[in-house]
Amino acid sequence: MSGNKPLKGIKIIDFTHVQAGPACTQLLAWFGADVIKVERPGAGDVTRSQLRDIPDADALYFTMLNSNKRSLTLDTKTPEGKEVLEKLIKKSDVMVENFGPGALDRMGFTWQRIQELNPGMILASVKGFSEGHHYEDLKVYENVAQCAGGAASTTGWWKGENAGPTISAAALGDSNTGMHLAIGILTAIIGRQQTGKGQKVSVSMQDAVLNLCRVKMRDQLRLDKVGYLEEYPQYPHEKFGDVVPRGGNAGGGGQPGWILKCKGWETDPNAYIYFTIQGHAWEPICDALGKPEWKTDPNYTTAKARQPHIMDIFATIEDFIKDKTKFEAVDIFRKHDIPCAPVLSMKELLHDKSLRASGSIVEVPHKVRGSYWTVGSPIKFSDLKPEVKASPLLGEHTDEVLAELGYSKDQIGKMHSNKAV
Ligand code: COA
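Note that the structure is predicted; figures quoted are calculated from it, not measured. (Residues numbered from 1 in each chain as written. Predicted model: local features only at pLDDT ≥ 70, side-chain atom pairs only at ≥ 80, totals over all residues. Heavy atoms only, no water.)

1. Considering the overall build of the protein
And step 1. In terms of regular secondary structure, the protein is built from 18 helices and eleven strands.
And step 2. Over its C-alpha atoms, taken along the principal directions, the protein stretches across nearly 85 × 45 × 45 Å.
And step 3. The 421 residues of the protein split such that 45% are buried.
And step 4. Carbon and sulfur atoms form 54% of the exposed surface of the protein, whose accessible area is close to 21,300 Å².
And step 5. Charged side chains of the protein number 51 positive and 51 negative; the gap between the two group centres comes to 3 Å. (Helix = DSSP H or I, 4+ residues; strand = E, 2+ residues; numbered from the N terminus. Buried < 20%, exposed > 50% of the residue type's maximum accessible area, 1.4 Å probe, protein only. Areas by Shrake-Rupley, 256 points an atom, 1.4 Å probe, with all protein chains shown as cover. Lys, Arg positive; Asp, Glu negative; His and termini not counted. Charge placed at Lys NZ, Arg CZ, Asp CG, Glu CD.)

Structure representation (structure tokens):
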């Protein structure tokens, strides 16, 4: 990391597990916060052992979401564990948690108790549903949130053998909620500078997914008003029902778009590009395709005129690129300023030179694994280059953190023998 660490001095109790919470605290750790991950002795975060690729080494699921943190093992259901957590709360700025509903209260750490211990404390929580919601008691994982937040209903195909609500591979429920929570935490930190008081910050996974589906809510409201959605592939040849339909690979915004096959698609599952027909790029598109006559043909000159036969236009473009790889196709279209991109596989992204140069894909040395590749900070600064450091081993910093809290060697030894840490 460069000399400037804006979150330096911010102490965060990271009481998170799986993905939603850890993604949030990892981001804050990259930017300089001291993030202490509190984990159950012996087991730790369940992702340490889930989907392992190396026996007895922390799984990538864990290492890729917990870099730059310290690990403290603590059984917070024992009196000694509770005492340690109380001391930590008194000395920290933020506590982040994503336990199931009510777990923190059952542990004895209600919001009221936390405020008594430290009125400046910011308590940040992820839950499946918001407080007071009729589903507030539910435990939630990624795909459940995608269904509850509107993403599944609006993703996928509306007809054909693959028709039905579809889950996105992107972690809209987990990491996305964590990113929302990070914004909430930083806002509460700034708020505390003004008032001196902490506050509770909550983000539900349903709300975070819905926030990303804002444009689909826009479409519902438009559909209610006019009965059709011009930019959807159903228009104008198919009937609309009363809910926003799934649009396959349609652009979904003001610019129609589609996934188009390129050379080799028969054997390469990713030999495709995404092509967008941006209104003011229409003439360059005609030039790129060698179709100058489309520039003046009234069936093509406006978006409205093109829409009834948009799939035929995409078929013509597909025919034009059938002997070109996805990279060759993009190289042609980029010269004409046409918004498009190759469909990149995880393998291609992992080895992408530009992503490695920018720090979006980084290699991190690890005590047990040797080293691992991970996704670095997507946020770039002019005066901060986050250095991604290894995720901690389970309990790697237990003694160090306890000593910082004022515990003697003897006391720490006793806690180990009592299995409180
Ligand atoms: N010491 C002692 N007990 C601990 C502990 C520690 N260090 N850390 C956790 N626990 C206990 C909790 O207090 C809880 O006990 P209780 O239920 O007896 O009160 C118990 O572990 C289980 O916690 P919970 O969070 O409910 O775990 P789970 O494995 O049953 O559920 C989720 C997992 C993710 C479904 C659930 O945590 C959840 O819904 N979280 C909110 C939404 C969310 O973040 N989901 C996405 C995850 S990516």
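Picking up where we left off.
2. Considering the packing of aromatic side chains
And step 1. Scanning the entire structure with this criterion turns up eleven aromatic pairs.
And step 2. Judged by centre distance (6.0 Å) and plane angle (25 degrees), the rings of W157 and W158 are stacked.
And step 3. For W158, a relative accessible area of 24% puts it in the partly exposed group.
And step 4. Ring centres 5.4 Å apart and planes at 25 degrees place the aromatic pair Y228 and Y235 in the stacked group.
And step 5. In this structure Y228 comes out as partly exposed when scored by relative accessible area, which is 33%.
And step 6. Within the aromatic cluster, the residues linked to one another by ring pairs are W157, W158 and W258.
And step 7. Over the ring of Y407 we find K87; its NZ or CZ atom is 4.5 Å from the centre of that ring.
And step 8. Note that K261 overlies the ring of W265, its terminal NZ or CZ placed 4.2 Å from the centroid. (Phe/Tyr/Trp six-rings, centres within 6.5 Å; stacked < 30°, edge-to-face > 60°. Lys NZ or Arg CZ within 6 Å of the ring centre and 35° of its normal.)

3. Thoughts on the UniProt feature "active site" (unreviewed entry) in the protein
And step 1. UniProt tags D174 as "active site" (unreviewed entry).
And step 2. Tracing the backbone through its elements, the reader meets D174 in the loop between α7 (151-154) and α8 (175-195).
And step 3. The exposure class assigned to D174 is buried, which follows from its relative accessible area of 8%.
And step 4. Residue contacts for D174: discarding those within four places in its chain leaves Q19, A20, E142 and M205. (UniProt positions renumbered as here; feature names shortened; annotations may be inferred. Contact = heavy atoms within 4.5 Å.)

4. Some remarks on the domain arrangement of the protein
And step 1. In terms of domain boundaries, the protein breaks down into domain 1 (11-211 + 351-418) and domain 2 (256-338).
And step 2. Of note, the centres of domain 1 and domain 2, computed from C-alpha atoms alone, are 43 Å apart. (Domains from an automatic or database assignment.)

5. Examining unusual backbone geometry
And step 1. Here Y235 and P236 are connected by a cis peptide whose omega angle stands at 0 degrees.
And step 2. Structurally, the position occupied by P236 is in the loop between α10 (214-226) and β7 (257-261).
And step 3. In this model, D56 sits at a positive phi of 65 degrees, which is unusual for a non-glycine residue.
And step 4. You can see D56 is positioned in the loop between β2 (34-39) and α2 (60-63).

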